[in-house]
Structures are given as C-alpha cells and as structure tokens.
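Below, each chain spelled out in residue letters.
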Amino acid sequence: MKRHIEEGSRFLMNTYQRFPLVFQKGRGCRVYTTEGKEYIDFVGGIAVNVLGHCHPRVVVAIQKQAQRLMHVSNLYYNELQIKLAKLLVENSFADRVFFCNSGAEANEAAIKLARKYSKQRYGEGRYEIITAYNSFHGRTIATITATGQDKVKEGFEPLLPGFRHVRYNDIEELKRAINENTCAVMLEPIQGEGGVIVPSKEYLQQVRRLCSEKGLLLIFDEVQTGIGRTGTLFAYEQFGIEPDIMTLAKGLGGGFPIGAMLARDRIAEAFTPGSHASTFGGNPLACAAAIATLETVLEDGIMLYECKTKGEYFMQRLLDLKDRFSTVVVDVRGMGLMLGMQLSRDCAPVVKACMERGILVNCTAGNTLRFTPPLTVTLDDIDILVEVLKDVLGRLS
Ligand SMILES: *Cc1c(COP(=O)(O)O)cnc(C)c1O
C-alpha cells in the first residue's frame, strides 16, 4: 500500500487531497484495501454506488455486454441506448434524452440547450442563466461559472459570460435577478456539495411558477439527487413539481460512468443534427450498466420504499446524536439516503476517526458530514456508524 501511495503521488496530477488508502475490491456496502482491511462505505463513491459495490445484476450486465458490443459511434443506433432512453422517459417528466459521460457534461448540454432554445424562441441576447450561491454544477469552464462557489473558479478566469447567482431558497432575490436577458434558472433540488441543503417545498414550487410565468426554463441538476437517492427516482417528485430540463450522472450507471440530459419535446426540438454530440455518450456498455441499475432500483418500488424508511431511521438516529451532543452537532438535514450532519467545527477529524474505526464518511462544505451510502445499506450498518459517531463526537464535546 505504501508503494502505491508513493507512486500515486508521483504519477497522478495533484488534484485531490487523498486519504492514504488503496482500495482493491468491494461487495455491497463494504470495500477492502490492498491489505484486506474492511471499511463500511457511507460515501458510496459520493452517491454513485446506489446498489452497492459489484451488484450482481450490474456485473452480469456489463460482462454480457462487453462480450457483445462495447462501443459503436452515435452515427448509428444501438439497442441499449434506445432502451435506456425509453426507460428514463417512461419514468420521468421528460420526452427525450441526450447521453454523455459525466455530471459536468450533462450540465454543459443543459446550458447549451437552454441557450439555443431561448435564442430560437425569443431572439438574441436572451442567454443568461441564474444559479444559486453554494451550488455545485461541475468542473468544466461553463459549469464552474455556473457553480456558486468561488473556490472552484480561482485561477481559471476569464469565466463564461451569462451567469448570475442568487441566494438559494430565497424567492424574492430570484425575482429581482430576472431580467429581459434571463433564459433559465438552474438549481439542485437539494444542494449536495454545498452541505446537503434542503430548500422548502414552497420555494421550489414558487420557482416553478415564476419560471412558467416568465417563460424561463427550469433546469434541475439531479446529478447527485437522482436515481432513488431521496426515496423517489428523482428528487423533483418530492416537491410536487417538474422541471423542463434535468441532468443525471452519478448514480445512473451504478458505478459505471454515464451522464444524461433530459427535456420535454418542445425544448429538445432546439437540438437538431449537429447541435451537440459526444463520442462515448450512450455507449452500449455504459447503457447496459445503467439499465441494470435503473431496473433494479425501480423493481416493485421496494428499493425506493426502503430508501425512504431507512433514511427516516437514519435521520432519527442522527437527530438523537444532535440532542446528545448539542454543542458539536449544529444541524441534521437531508432526504432519503442523502443526509448531512453539520458540526460546529471542521469535520475532518471526525472523518479521520471514523476511518480509523473502519467506516468511510465524507465531509463537505468544511463542517458537514455527508452520508450517501448505497441504497442497499442495512439498518445494522447504520447502527454501527451511529455507535462510532457517538464515541467520536463524545470525545469532541
Ligand atoms: C457531482 C456533481 C456534478 C459533477 O459531476 P461530475 O460527474 O463530477 O462531472 C454536478 N452537479 C452536481 C449536483 C453534482 O453533485
């Protein structure tokens, strides 16, 4: 493991503050290092491994497809891409899907579609997209511009024109920010990287109404919240509204990279042959993984139901910890199995202490522990985490 870490820090670009762990295999909610040490995974690849590690259905789907056809250009159709698009359309508000390979790319596609649609419909000049402070939309130039956090932008200026930021969960500020150049509002239905911030239902409903009144597109970045994470297939369902455009990635392939941008027909029509493309987007292997993942998540609704009930149990246990350690735990929030526990201090030492006890948790926004385990996590595993947290938080308070 030591040699791997030495070589890793020598040959890889130094873009991540990595922990000194080298993982080699995983099963369900467990991952194992090259030295065979076991960890319970409450990070889940940051909301990627919705079915846990190496779920048999995803593994078999990939194996079978790898033997059959791995890649064919988007100059042609492939069966799996069509099947996956149909599955997404039948289970969402959308009519059409564009496939790509990551969350940032899905958001790039959404930004391009919003601009093109608005230009066609309303003419030049209407290209501004309003996003929220504290948001996260990716690491490409357009998506760091869209992102409402300075730390991802520093050193990369000049950024892209045409973005404006407003406070999340503040409808009045959004109203004031809209002008004749606005074409879309782009939001995460729950801010993930920003610290698991859940807006009020009323706010998102007001945003929806405002967008409809003003002829603005509502783009939901569901890269993190999508694919069952919140207890419904998509988070927008929890708020009783539908966006016009939605982006997906993280959980979509159950661990295999794939992204998607979905829209209603009326809007999707702005894209015509040549408008946008991706060499790998919707590649048969990625689609096979995503179909297996989606079918498993949707089967009988059991997994979504369990995500909700396990999430409620988990939330209650975290609230108990908040009561018990009220000086350290400031807030507990989230939905389904996307939960955050905000501390009154930097949460890095808690992450480290949990790691020493064989549990992976993530720290986001500096002081918020984020839990995005596989949807297959058990109540026993949640109990193990809570006991460890009880001990770790006890030492801090
Ligand atoms: C992770 C994330 C992205 C970026 O996805 P990548 O696949 O890393 O490009 C975009 N939006 C949200 C909400 C995310 O959580």
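Anything mentioned here points back to the structure above.
Cut-offs used in this document
- Residues numbered from 1 in each chain as written.
- Predicted model: local features only at pLDDT ≥ 70, side-chain atom pairs only at ≥ 80, totals over all residues.
- Heavy atoms only, no water.
- Helix = DSSP H or I, 4+ residues; strand = E, 2+ residues; numbered from the N terminus.
- Buried < 20%, exposed > 50% of the residue type's maximum accessible area, 1.4 Å probe, protein only.
- Expected span 1.5 Å × (residues − 1).
- Pairing = 2+ DSSP bridges.
- Axes fitted to C-alpha atoms, helices over the stretch in contact; angles between N-to-C directions.
- Contact = heavy atoms within 4.5 Å.
- Salt bridge = Lys/Arg side-chain N within 4 Å of Asp/Glu carboxyl O.
- Phe/Tyr/Trp six-rings, centres within 6.5 Å; stacked < 30°, edge-to-face > 60°.
- Lys NZ or Arg CZ within 6 Å of the ring centre and 35° of its normal.
- Near = heavy atom within 4 Å.
- Polar contact = N/O pair within 3.5 Å; in protein donor to acceptor, adjacent residues only side chain to side chain.
- Areas by Shrake-Rupley, 256 points an atom, 1.4 Å probe, with all protein chains shown as cover.
- Nonpolar A, V, L, I, M, F, W, Y, C, P; charged D, E, K, R; others polar.

1. Some words on the environment of aspartate 391
Step number 1: Residue position: aspartate 391 is located in helix H13 (residues 379-396).
Step number 2: For aspartate 391, a relative accessible area of 28% translates into the label partly exposed.
Step number 3: Between the alpha carbons of aspartate 391 and glutamate 188 there is a distance of 33 Å; along the sequence they are 203 residues apart.

2. Some remarks on H13
Turn by turn, an α-helix covers 3.6 residues, leaving residues three or four places apart pointing in a common direction.
Step number 1: With 18 residues, H13 extends 25 Å between its outermost C-alpha atoms, agreeing within 8% with the 26 Å of an ideal straight helix rising 1.5 Å per residue.
Step number 2: All buried positions along H13 are accounted for by Asp381, Ile382, Leu385, Val386, Val388, Leu389, Val392 and Leu393.

3. Observations concerning the sheet that holds strand S9 (residues 245-248)
Each strand in a sheet pairs with another by means of backbone hydrogen bonds, the pair being arranged parallel or else antiparallel.
Step number 1: Taken in spatial order, the 7 strands of this open sheet run S4-S10-S9-S8-S7-S5-S6, and their pairing is mixed. Unpaired on one side and paired on the other, strand S4 (96-100) and strand S6 (163-166) mark the two borders of the sheet. Neighbour to neighbour, the strand axes of the sheet diverge by 20° on average, direction disregarded.
Step number 2: Packed on one face of the sheet, helix H5 (residues 103-122) meets S4, strand S5 (128-132), S6, strand S7 (182-187), strand S8 (217-221), S9 and strand S10 (259-263) and runs near 165° to S9.

4. Remarks on the sheet that holds strand S2 (residues 30-33)
Step number 1: Strand order in the open sheet made by the 4 strands is S1-S2-S3-S13, with mixed pairing throughout. On the outer flanks of this sheet lie strand S1 (23-27) and strand S13 (359-360), each paired with one strand and no other.
Step number 2: As judged from the 3 bridges shared by S2 and strand S3 (residues 38-41), these two strands associate in the antiparallel manner. Bridging across to S3, tyrosine 32 finds its partner in glutamate 38.

5. Looking at the pattern of salt bridges
Step number 1: One pass over the structure, following the stated rule, counts 26 salt bridges.
Step number 2: For arginine 30, the salt bridge goes to aspartate 381, with nearest N and O atoms at 3.0 Å. Of the two residues, arginine 30 is situated in strand S2 and aspartate 381 in helix H13; the sequence distance between them amounts to 351 residues. By the burial criterion, arginine 30 is buried, and aspartate 381 matches it.
Step number 3: When the shortest N-O distance is used, the salt bridge between glutamate 306 and lysine 310 registers 3.8 Å.

6. Regarding the packing of aromatic side chains
Two measures describe an aromatic ring pair: the distance that separates the ring centres and the angle between the ring planes.
Step number 1: Within this structure, the stated rule accounts for 6 aromatic pairs.
Step number 2: Between phenylalanine 234 and tyrosine 236, the ring centres sit 5.8 Å apart and the planes meet at 5°, which makes this aromatic pair stacked.
Step number 3: Of the aromatic side chains, those joined through ring pairs into one cluster are Phe42, Phe314 and Phe371.
Step number 4: Against the face of tyrosine 32 rests lysine 25, its NZ or CZ located 5.5 Å from the ring centre.
Step number 5: Directly above the ring of tyrosine 122 sits arginine 126, whose terminal nitrogen or CZ lies 3.7 Å from the centroid.

7. Remarks on the site of the ligand
Step number 1: Around the ligand, the neighbouring residues are Ser102, Gly103, Ala104, Asn107, Phe136, His137, Gly138, Glu188, Asp221, Val223, Gln224 and Lys250.
Step number 2: Contact between the ligand and phenylalanine 136: a nitrogen atom at 3.2 Å from a main-chain N or O atom of the residue.
Step number 3: For the ligand, an oxygen atom lies 2.6 Å from a polar atom in the side chain of lysine 250.
Step number 4: Here the ligand has 380 Å² of accessible area as a free molecule, and 81% of this is covered by the chains.
Step number 5: Per-element accounting of the shell around the ligand gives the leading share, 3 residues, to H5.
Step number 6: Split by residue class, the shell around the ligand holds 3 nonpolar, 6 polar and 3 charged.

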